[in-house]
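An overview of the molecular structure
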Amino acid sequence: MKTKVYSVDRWNPESDIISEAGKAIRDGALVAFPTETVYGLGANGLDDKAVRKIFAAKGRPVDNPLILHFASPEDVEQVAYVNERAKLLMDIFWPGPLTLVLPVKSIVPPSVTAGLGTVAVRMPSHPVAMAFIKAAGVPIAAPSANKSGRPSPTEASSVLADLGDAVDIILDGGATDVGLESTVIDVTDKVVVLLRAGGMPVERIEEVVGRVVLLPGEEKKKRSPGTRYRHYAPLIPLYLWKDDCDWLRPEVAGKRIGYIGMKEPLHPVEEKILFKTPEYYAHGLFSAFRVLEGRNIDIIIAEWPEEAGIGLALRDRLSRAAGLGK
Ligand code: TXA
Ligand code: MG
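Residues numbered from 1 in each chain as written. Chains lettered and ligands numbered in written order. Predicted model: local features only at pLDDT ≥ 70, side-chain atom pairs only at ≥ 80, totals over all residues. Heavy atoms only, no water.

A short note on the overall build of the protein
The secondary structure content of the protein amounts to 10 helices and 15 strands. For 326 residues, the compact-globule formula gives about 20 Å, and the C-alpha radius of gyration of the protein, at 19 Å, lands near that figure. Each principal axis of the C-alpha distribution contributes one length, and for the protein these read about 55 × 50 × 35 Å. The buried share of the protein, reckoned over its 326 residues, is 57%. In the protein, of all internal contacts separated by at least 6 residues, the share reaching a separation of at least 24 is 67%. When the accessible surface of the protein is summed, it comes to about 13,700 Å², and 53% of that surface belongs to carbon and sulfur atoms. (Helix = DSSP H or I, 4+ residues; strand = E, 2+ residues; numbered from the N terminus. Rg over C-alpha atoms; globule rule 2.2 N^0.38 Å. Buried < 20%, exposed > 50% of the residue type's maximum accessible area, 1.4 Å probe, protein only. Contact = heavy atoms within 4.5 Å. Areas by Shrake-Rupley, 256 points an atom, 1.4 Å probe, with all protein chains shown as cover.)

Structure follows, in structure tokens:
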């Protein structure tokens, strides 16, 4: 079937388009939609067959579980055991770019959870996402709407380029806000554990729950399946500017360079995309990767940002895009 692409008014989503998308979900179709972080590839999260289509469309390893998206915190009770700490976090940070991992109830098919005893839940703040989830009337399972391993899509055109006919409907609500995915934390236990840095800075979560534990590499791979795989990679080799010596690496010498960062590049480059703040850097990172892929350059060099705030998530995406693990 040919993909239907609908352009949707972000602040006042057209109700006929939204109800068509909601019905498509109940009929087992795949619908890509904008969230405040990145575009998601949605299916009925309670329909095993529909969820499996997501994995097929993305070429995603089946041991990497999905996030269920909700239009209200109360609806989460249907799929997970919600403890007091989780309720407090939902109260303060939802809707927004924070995903909570909680003990799962048996209604959720194992294709969503990869057979783990937990499920990841979040309530996005994008008005199109909210309207769409409400219209569907079921939890929406949705990973980022890119081919597995590629940069996450921050625009509808990237969804179409990556997934094309595998998606039934794409809701085009313009560019996303944050540009990086949600922060994922495990709140099943007394100690809150960071599974993926993202749009919600850890410092803000710590103001509410105290210390958040960052896992060392190997432990993280065990508990956070998504971090096992290379991710976010542009088609052109990416090198990080952590130290000025990085500009003198043999891989860089004589190459046509595309640069992204906040500071001016140290040496002349063919193409550059500059951002004013770490937040703009996050907002534009994935789309900059995709833009530079279309330019006449051999490599990309990206500035390594400070760790504070969104910087932690930027560092995570940059190092994984460069194939460095963490
Ligand atoms: O911002 C976002 O989170 C976007 C939008 C579309 O909501 N979604 C997204 O989904 O980034 P995805 O599938 O690309 O990443 C989900 C992450 C993966 O790292 C996955 O391993 C982790 O969440 N995850 C999901 N369920 C989990 C669970 N039960 N335990 C541990 N990690 C889990
Ligand atoms: Mg993803």
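Structure shown, so let's carry the discussion forward.
Examining the site of ligand 1
Near ligand 1 lie 26 residues; those nearest to it are Thr37, Asn64, His69, Ser182 and Gly226. Contact distances for ligand 1 include 2.9 Å between an oxygen atom and a side-chain N or O atom of arginine 60. Within the side chain of arginine 196, one N or O atom sits 2.9 Å away from an oxygen atom of ligand 1. Out of a free accessible area of 680 Å², ligand 1 has 97% covered by protein chains. (Near = heavy atom within 4 Å. Polar contact = N/O pair within 3.5 Å; in protein donor to acceptor, adjacent residues only side chain to side chain.)

Here's the deal with the nonpolar core
Val76, Leu100 and Val121 are the most contacted members of the largest nonpolar core, which has 73 residues in total. Examining the composition of this core, we find that 7 residues originate from one element, helix H9 (residues 278-293), more than from any other. The two domains that each donate at least three residues to this core are domain 1 (4-228) and domain 2 (238-321). For valine 76, the residues in contact, after removing those within four places along its chain, are Phe70, Val82, Met90, Trp94, Leu102 and Val121. Ranked by size, the runner-up nonpolar core spans 20 residues in total, among them Ala24, Ile133, Val138 and Ile169. (Core = buried A, V, L, I, M, F, W, Y, C linked by side-chain atoms within 4.5 Å. Domains from an automatic or database assignment.)

Notes on unusual backbone geometry
In this structure, the amide linkage connecting tryptophan 94 to the following residue, proline 95, adopts the cis form with an omega of -10°. Here alanine 114, not a glycine, exhibits a phi torsion of approximately 55°, which is positive. Examined against the element boundaries, alanine 114 turns out to sit in the loop between helix H4 (110-113) and strand E6 (118-122).

What about the environment of glycine 149?
Its place among the elements puts glycine 149 in the loop between strand E7 (140-141) and helix H6 (156-163). Remark: the alpha-carbon pair of glycine 149 and valine 5, spanning 144 residues in sequence, is separated by 24 Å. Apart from the residues lying within four places of it in its own chain, the contact partners of glycine 149 are Arg230, His231, Tyr232 and Ala233.

Section: the sheet that holds strand E13 (residues 257-261)
Overall, parallel pairing links the 4 strands, which are arranged E12-E15-E13-E14 in an open sheet. The strands lining the two open edges of the sheet, one partner per strand, are strand E12 (238-241) and strand E14 (271-274). Put simply, the sheet's adjacent strands are angled 20° from each other on average, direction ignored. Bridge count between E12 and strand E15 (residues 299-303): 4 bridges; the pairing is parallel. Bridge pairing in E15 places leucine 238 opposite isoleucine 300. Those strands touched by H9 are E12, E13, E14 and E15, and its axis lies near 170° from that of E13. Contacting E12 and E15, helix H10 (residues 311-321) runs over the sheet at an angle of about 135° to E12. (Pairing = 2+ DSSP bridges. Axes fitted to C-alpha atoms, helices over the stretch in contact; angles between N-to-C directions.)

Side note on the pairing of E15
Of all 5 residues in E15, 5 are buried; the element is thus mostly enclosed. Neither face of E15 is exposed, since Ile299, Ile301 and Glu303 on one face and Ile300 and Ala302 on the opposite face are all buried. Here E13 runs beside E15; their pairing, made up of 4 bridges, is parallel. Looking across to E15, one finds that isoleucine 257 is bridged to isoleucine 299.

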